[in-house]
Amino acid sequence: MTLLPYLVSAWIFLIGVYGLVTSRNLIHAVGCLSVTQSSTYVLLLAIGYRHGGTAPVYAALPRDAVVVDPVVQALTLTDVVVGATVTALLLALVIQLHKRHGTVDPDELSALKG
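Throughout what follows, the structure given in this document is the object of discussion. (Residues numbered from 1 in each chain as written. Predicted model: local features only at pLDDT ≥ 70, side-chain atom pairs only at ≥ 80, totals over all residues. Heavy atoms only, no water.)

## Remarks on the overall build of the protein
Consideration 1: Within the protein, the regular secondary structure consists of three helices and zero strands.
Consideration 2: Its helices and strands taken in sequence order, the protein reads α-α-α from the N to the C terminus.
Consideration 3: A compact globule built from 114 residues should have a C-alpha radius of gyration of about 13 Å, whereas the protein, at 20 Å, is more than 25% larger.
Consideration 4: Counting only C-alpha atoms and orienting by the principal axes, one finds that the protein spans roughly 65 × 30 × 20 Å.
Consideration 5: Here the protein, with 114 residues, has 22% of them falling under the buried criterion.
Consideration 6: In the protein, 52% of the contacts between residues at least 6 apart in sequence involve partners at least 24 apart.
Consideration 7: Surface summary for the protein: the accessible area is close to 8,100 Å², and the carbon and sulfur share equals 70%.
Consideration 8: Across the protein, the centroid of the 6 positively charged side chains sits 6 Å from that of the 6 negatively charged ones. (Helix = DSSP H or I, 4+ residues; strand = E, 2+ residues; numbered from the N terminus. Rg over C-alpha atoms; globule rule 2.2 N^0.38 Å. Buried < 20%, exposed > 50% of the residue type's maximum accessible area, 1.4 Å probe, protein only. Contact = heavy atoms within 4.5 Å. Areas by Shrake-Rupley, 256 points an atom, 1.4 Å probe, with all protein chains shown as cover. Lys, Arg positive; Asp, Glu negative; His and termini not counted. Charge placed at Lys NZ, Arg CZ, Asp CG, Glu CD.)

Given below as structure tokens:
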């Protein structure tokens, strides 16, 4: 088992969080959130990987064949769909915010301060 996919996942996560912290534009922040969520794809696929594993189609495989975990693949696909939905929703909210306030800079949104 190699540590490289876990390190890549952590690196992608840190890049996304750094972008979120330093962002002065809400569209950029949504993009950075999407990058942060993409680190979970790498992490889930690293967890489900098996060296020498084949696709989990059991019709033509012998009983002792090594297969990858299909649950992790399904979770990754679900994560992709949820990530795309959240990104689309956040971008729609940013568009509405720009229409009402004329800016996407979080510091200039004085009407939203609580």
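## Points about the environment of Asp-69
Consideration 1: Summarising the element assignment, Asp-69 is placed in the loop between helix H2 (26–48) and helix H3 (70–101).
Consideration 2: Taking C-alpha positions, Asp-69 is 5.5 Å from Gly-48, a pair spaced 21 residues apart along the chain.
Consideration 3: Of note is the side chain of Asp-69, whose polar atom sits 3.3 Å from the backbone nitrogen of Val-71. (Polar contact = N/O pair within 3.5 Å; in protein donor to acceptor, adjacent residues only side chain to side chain.)

## Focus on a nonpolar patch on the surface
Consideration 1: A surface patch of nonpolar side chains, about 380 Å² in accessible area, is lined by Leu-20, Val-21, Leu-33, Val-82 and Val-86.
Consideration 2: Within the residue set of the nonpolar patch, elements represented by two or more residues are helix H1 (4–22) and H3.
Consideration 3: Turning to its location among the elements, Val-21 is positioned in helix H1. (Patch = residues over 30% accessible without salt bridge, like charges linked within 9 Å, V, L, I, M, F, W, Y side chains within 5 Å. Salt bridge = Lys/Arg side-chain N within 4 Å of Asp/Glu carboxyl O.)

Interpretation note: all reported values are geometric properties and have no functional meaning in isolation.
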